[in-house]
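Structure at a glance
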Amino acid sequence: FAGDESMQDIRKRALFLHVSLPGQVNGAEDLPRDFIFPSMEAIGLNLITVMDHLRIKQVVGLGDGAGANIILRFAMNHPSRVHGVLAINTEGVISSGYKEMFMDILSPRTVRPEEELNTKNVSKYCEAYKKRSEILSKLKRRMKVDVLLLAGVSSTSVGDTEAMHKEITPGLCSIIKLEEVDDPLVEAPEKVAEALILFCQGQGLMPTINRRMSRQESTTSQGSDGTGRKLSMTDYDTPNIRRLSLTTGENGA
């Protein structure tokens, strides 16, 4: 996703830190038999050590599926180190989806043809995910940063995503549901990139990136006096709270 054309402007202005979990890389050897895969709770708590090692002060968290579950846990544990979180197809209300996750990790859309993940290691990851604790009851009390939840309406995660949106303190969380989409990162990367730009600009980050849709639209905008006026490039580069609103209607984005 980070290499998609729609992410070009973001790549020029941001550093991506991708964290690979034990044994989950291409061609990895078998994890030791006595290896205990870290729990989702432990991963969400200890990701901070990676940031400390690299001397990174704050991040915008981005996670998909199980990764979204982990990044939400990280945000709850370390709110001062997170600008905000974009969680895609979030799961984790209850401990389910083990088989679906296993097949999803090994599916052709996830693994490139030249890659080969170690199925034994993937099964350990899936087992840890299966045993995860629920986070729904903790969101309202512990989530202190801005969250954007994004889900494909056709995905099995949309129900969990909606439930989380209802639990997080109003004003901190927005939700976008993409119609006729199952996997947003694969089927609608340009919409995810657009949402990420808006979310970052809402945090005061990357203010000079122009939205791709804005560049394609007319430069005529309705003025406060009700008359149309032309917006300069400077106007477009300056975050505007109405223009950056991420809240969508009940029917999704």
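Quick note: structure is the one above.
Residues numbered from 1 in each chain as written. Predicted model: local features only at pLDDT ≥ 70, side-chain atom pairs only at ≥ 80, totals over all residues. Heavy atoms only, no water.

**Focus on a nonpolar patch on the surface**
- A surface patch of nonpolar side chains, amounting to about 230 Å² of accessible area, comprises Leu17, Val19 and Leu54.
- With respect to the element layout, Leu17 can be found in the loop between helix H1 (8–11) and helix H2 (40–46).
- Using a relative accessible area of 39% as the deciding quantity, one classes Leu17 as partly exposed. (Patch = residues over 30% accessible without salt bridge, like charges linked within 9 Å, V, L, I, M, F, W, Y side chains within 5 Å. Areas by Shrake-Rupley, 256 points an atom, 1.4 Å probe, with all protein chains shown as cover. Salt bridge = Lys/Arg side-chain N within 4 Å of Asp/Glu carboxyl O. Helix = DSSP H or I, 4+ residues; strand = E, 2+ residues; numbered from the N terminus. Buried < 20%, exposed > 50% of the residue type's maximum accessible area, 1.4 Å probe, protein only.)

**As for the nonpolar core**
- Leu72, Phe74 and Met143 are the most contacted members of the largest nonpolar core, which has 35 residues in total.
- The set of elements that each furnish at least two residues to this core consists of H2, helix H3 (48–54), helix H4 (66–77), strand E2 (82–88), helix H6 (119–130), helix H7 (136–142), strand E3 (146–152) and strand E4 (173–178).
- Among the elements that take part in this core, H4 stands out by supplying 8 residues, more than any other.
- For Phe74, the contacting residues outside a window of four places in its chain are Gly44, Leu47, Ile48, Met51, Val59 and Val82.
- Grouped together as the second largest cluster of nonpolar side chains are 19 residues, Leu148, Ile176, Ile197 and Phe199 included. (Core = buried A, V, L, I, M, F, W, Y, C linked by side-chain atoms within 4.5 Å. Contact = heavy atoms within 4.5 Å.)

**What about the environment of Glu190?**
- On the secondary structure map, Glu190 appears in helix H10 (residues 189–202).
- For Glu190, a relative accessible area of 41% corresponds to the partly exposed category.
- For the pair Glu190 and Phe1, spaced 189 residues apart in sequence, the C-alpha to C-alpha distance is 9.5 Å.

**Topic: the sheet that holds strand E1 (residues 59–64)**
- A sheet is described by the order of its strands in space; here 4 strands give the open sequence E1-E2-E3-E4, paired in parallel fashion. Each edge of the open sheet carries a strand with a single partner, namely E1 and E4. For this sheet, the mean inter-axis angle between neighbouring strands, taken without regard to orientation, is 15°.
- With 6 bridges joining them, E3 and E4 adopt parallel strand pairing. Paired with Gly152 across the bridge in E4 is Leu178.
- Packed onto the sheet, H4 meets E1, E2 and E3 and runs at close to 150° relative to E1. (Pairing = 2+ DSSP bridges. Axes fitted to C-alpha atoms, helices over the stretch in contact; angles between N-to-C directions.)

**Describing the packing of aromatic side chains**
- Taken as a whole, this structure holds 2 aromatic pairs when the rule is applied.
- Relative to Tyr125, the ring of Phe37 lies with its centre 5.5 Å away and its plane at 25°, an arrangement referred to as stacked. A residue pair is termed long-range when its members are at least 10 positions apart, and Phe37 in the loop between H1 and H2 and Tyr125 in helix H6 qualify at 88 residues. One exposure class covers both Phe37 and Tyr125, and it is buried.
- Pairwise contacts between aromatic rings join Phe35, Phe37 and Tyr125 into one cluster.
- The side chain of Arg132 reaches across the aromatic face of Tyr129, ending 3.9 Å from its centre. (Phe/Tyr/Trp six-rings, centres within 6.5 Å; stacked < 30°, edge-to-face > 60°. Lys NZ or Arg CZ within 6 Å of the ring centre and 35° of its normal.)

Function cannot be inferred from these measures alone, as they are strictly geometric.
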